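Structure assessment
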Amino acid sequence: LSVPRLYCEEEKGAKRRSCQTVLAEALDAVVRSFAPILPHLAEEVFQYLPYKKGSEGVFRTGWINTSSAWKKPGIEEAIEGACAMRDSFLGSITGKNASEYDVVIVIEPGLLFELME
């Protein structure tokens, strides 16, 4: 599912950027997780990350960093609501293969927090 998003979508498109963000966060967490076990490999991977601007290594930048946005109360419910809307839409398609449709819900970060409140 992510391959068409990465290679076929517009360079600044929301689908492509959201996929890149998820992959970057996942890679960062994986590299920091295996750093104590495989320090040289972790340092090498961290050195070649295209989005890291700095010469500090994986051990000097701390443990797994999470955005403060993910720690706000109610975000889980907001995301579950967005997924429920998507599932409802896909469930309303009768007689057709729902997997043929790519439903993406894009919410600006400020609007997401307004919906949570």
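Predicted, not measured: the structure shown is a model, and the values here were computed from it. (Residues numbered from 1 in each chain as written. Predicted model: local features only at pLDDT ≥ 70, side-chain atom pairs only at ≥ 80, totals over all residues. Heavy atoms only, no water.)

Observations concerning the nonpolar core
We apply this condition: Think of a nonpolar core as a cluster: buried Ala, Val, Leu, Ile, Met, Phe, Trp, Tyr and Cys residues, connected wherever their side-chain atoms sit within 4.5 Å. Burial classes follow relative accessibility: with a 1.4 Å probe on protein chains only, a residue under 20% of its type's maximum area counts as buried, one over 50% as exposed, and anything between as partly exposed. Working rule for contacts: check all heavy atoms of both residues, and any pair within 4.5 Å makes them a contact.
In terms of nonpolar packing, the biggest core is built from six residues, these being Val31, Ala35, Ala42, Phe46, Leu49 and Val58. In this view, Ala42 contacts Val31, Phe34, Ala35 and Val58; residues no more than four positions away in its chain are not counted.

Some points on the pattern of salt bridges
To keep things clear, this is the line we draw: Within this document, salt bridges are pairs made up of a side-chain nitrogen of Lys or Arg and a carboxyl oxygen of Asp or Glu, the two lying within 4 Å of each other. Each helix is a run of H or I in the DSSP string that is no shorter than four residues. Each strand is a run of E no shorter than two, and both are numbered from the N terminus.
Evaluated as defined, the whole model comprises one salt bridge. Of the charged contacts, one joins Asp28 and Arg32 as a salt bridge, the two residues approaching to 3.0 Å between their closest N and O atoms. Residue Asp28 and its partner Arg32 are located together in helix 2 (residues 14-34), separated by four residues, close to a single helical turn. Take Asp28 and Arg32: they sit in the same class, and that class is buried.

Notes on the confidence of the model for the chain
This is how the line gets drawn: The predictor attaches a confidence to each residue, called pLDDT, with possible values from 0 through 100.
A residue-level look at the chain finds 74% of positions with pLDDT of 70 or above and a mean pLDDT of 77. Here helix 5 (residues 109-116) stands out as the element of the chain with the lowest mean pLDDT, 61, in contrast to helix 3 (residues 39-47), whose mean of 89 is the highest.

Comments concerning the side chain of Arg16
This is how the line gets drawn: His residues and chain termini do not enter the charge count, which takes Lys and Arg as positive and Asp and Glu as negative. N or O atoms closer than or at 3.5 Å make up a polar contact, with two conditions inside protein: a donor-capable atom paired with an acceptor-capable one, and, for residues adjacent in sequence, both atoms drawn from side chains.
Looking at where Arg16 falls in the secondary structure, it is placed in helix 2. There is no salt bridge for the buried Arg16, and the closest opposite charge comes from Glu11, which lies 5.1 Å off by N-O distance. Within the local environment of Arg16, its side chain forms a polar contact with the backbone oxygen of Glu11, the two atoms lying 3.2 Å apart. If near-sequence neighbours (up to four positions away) are discounted, Arg16 is found in contact with Arg5, Leu6, Glu9, Glu10 and Glu11.

Re the environment of Ser33
Considering the arrangement of structural elements, one finds Ser33 in helix 2. C-alpha separation for the pair Ser33 and Ile64, spaced 31 residues apart in sequence, amounts to 7.5 Å. Discounting chain neighbours no more than four positions away, the residues touching Ser33 are Trp63 and Ile64. Among the polar contacts listed, one links the side chain of Ser33 to the backbone oxygen of Ala29, at a separation of 2.7 Å.

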